[in-house]
Amino acid sequence: MALPRRRVAARMSGGASEVIRGAWLGAEGLEAVLEQDLQRRGVTIDRWHGQLALSRQPSVFSPWALDVWEAPEQVTIPSIKGAAKILRGHQRNWGLYAADFFRRAALIEENLPPIKTALLTFPTAAPTAPLGAWTLLTPDTMLFSARKSSPFINGAPKFVENRTGPPSRAYLKLWEACTLLRRWPQPGETCLDLGATPGGWTWAIAQLGADVTAIDRAPLDPAVAAMPHVQFQQGSAFGLEPASFPEVDWVFSDIIAYPARLLALARRWIESGRTRNMVLTVKFQGDTDHETVAAFEAIPGGSLRHLAHNKHELTFFWSQAGTEAEAPSAPAV
């Protein structure tokens, strides 16, 4: 649901003289969804800089943003080295969002301390070192934020992929989710994968050594079904009663379903008290169901996040521990 081309061009042509207090990096093709969500939170986007939404209103969290620049500052830069000096004066690590003035931005970047950008080998926790973000609005105007919501440059982790084992690339969503959580299923823990077929998430869970029961009406990919630690149960994820299972450590689901139906499933499992953690993909078809997004956000111990590997989707995180305190296991936002 991208913004109409003519509208994007008009909004991006605005000057850089206004004071920018809020900045959100939108996923490609979902700019309109981010704008709708921010409007519901009382924020008006004044203009776009590439996929970066800019506002004179302060930054607030939006689950549809790949990255939220939490404290943007706007400065006139005296020179390339002067721009780098300004950034280094705040902290060491900076990630560039380049939407224009690419050569000048690259020269500034060359004067900043290098950042290790090696591909991540899962399982690994998200980095904890402070990371800021910056961009050039004009050749002489820089916008930067020393604090942002994602620990990754432009909100996008990059993994060493497995191109032979999993039956689909959906496993990357689970890898990204667990990386942000800084936790993942451990050997000996029990997991359910609801609506598992063809088995991308089941494959990823079993690779960790955890025991996973995959549930779907259609059979798993044979190679996944044959993996150690995998059991398959034919049936409907929505017809499953939590009471029919012993308590599990994790409930996962990447099933295609109407968001309201998935919300009911999540509530049923949470109210049953039979899982300690939950990671679900909330998928939208056609228009975005913002009311159901708000209902997911209202669940104690839960949080929503648009992952770099999501499409028109959000990932719902929930932990039993988070219902008793400020959810320590939820991704930082």
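The residue count restarts for each chain, going from 1 along the sequence in the order it is written. Per-residue local features are limited, in this predicted model, to residues with pLDDT of at least 70; the limit for side-chain atom pairs, both in listing and counting, is 80 or more; totals at the level of whole chains, interfaces and linings are taken over all residues. Only hydrogens and water are set aside when side-chain values are computed; all heavy atoms of the structure are taken into account.

Q: Could you give an account of helix H9 (residues 290–297), naming the residues involved and the relevant values?
A: We call a residue buried when its accessible area falls under 20% of the maximum for its residue type, exposed when it is over 50%, and partly exposed in between, using a 1.4 Å probe and counting protein chains only. Every helix listed is a DSSP run of H or I at least four residues long, and every strand listed is a run of E at least two residues long, numbered separately from the N terminus. Within H9 the residues assigned to the buried category are His290, Thr292, Val293, Ala295 and Phe296. Whether two residues are in contact is decided by their heavy atoms: any pair within 4.5 Å suffices. Buried-residue contacts for H9 involve helix H2 (31–40), helix H8 (259–272), strand S13 (275–283), strand S14 (302–305) and strand S15 (313–319).

Q: Can you lay out the pairing of strand S4 (residues 65–69) for me, pointing to particular residues and giving the numbers?
A: Judged by how many residues are buried, S4 sits mostly within the fold: five of five residues are covered. In terms of strand pairing, strand S1 (residues 22–26) meets S4 through four bridges, oriented antiparallel. In the strand pairing of S4, Leu25 is matched with Asp67. Strand pairing is assigned whenever DSSP detects at least two bridges linking the two strands.

Q: Describe the pattern of salt bridges, with residues and values.
A: Basic side-chain nitrogens of Lys or Arg form a salt bridge, by our definition, when they fall within 4 Å of a carboxyl oxygen of Asp or Glu. Taken as a whole and judged by the stated rule, the model has 15 salt bridges. Across the salt bridge formed by Asp46 and Arg56, the nearest N and O atoms sit 2.8 Å from each other. On the criterion of sequence distance, the pair formed by Asp46 in the loop between H2 and strand S2 (47–49) and Arg56 in the loop between strand S3 (52–55) and S4 is long-range, its members being ten residues apart. Accessibility expressed as a relative area gives 25% for Asp46, which makes it partly exposed. The residue Arg169 makes a salt bridge to Glu161 at a minimum N-O spacing of 2.9 Å. For Arg169, a relative accessible area of 51% gives the class exposed.

Q: Account for unusual backbone geometry, naming residues and giving values.
A: For residues that are not glycine, phi is negative in most cases, and the peptide bond is trans in most cases. Here the bond from Phe122 into Pro123 is cis, since omega is 5°, no more than 30 degrees from zero. Residue placement: Pro123 occurs in the loop between helix H4 (102–110) and strand S7 (132–138). Residue Pro198 is bonded to the preceding Thr197 through a cis peptide linkage, with omega at 10°. As for its position among the elements, Pro198 is in the loop between strand S9 (190–194) and helix H6 (200–207). A positive phi angle, near 55°, is found at Asn154, a position not held by glycine. As for its placement among the helices and strands, Asn154 is situated in the loop between strand S8 (141–145) and helix H5 (171–181). We classify Asn154 as partly exposed; its relative accessible area is 22%.

Q: Residue-level account of the sheet that holds S2, with values.
A: In spatial order, the strands read S2-S3-S1-S4; together these four strands make up an open sheet with antiparallel pairing. The open sheet is flanked by S2 and S4, the only strands paired with a single partner. The sheet shows a mean angle of 25° between the axes of neighbouring strands, taken without regard to direction. For S2 and S3, the ladder comprises three bridges, and the chain directions are antiparallel. Helix axes are fitted only over the stretch in contact, all axes being lines through C-alpha atoms; the angle between N-to-C directions runs from 0 to 180 degrees.

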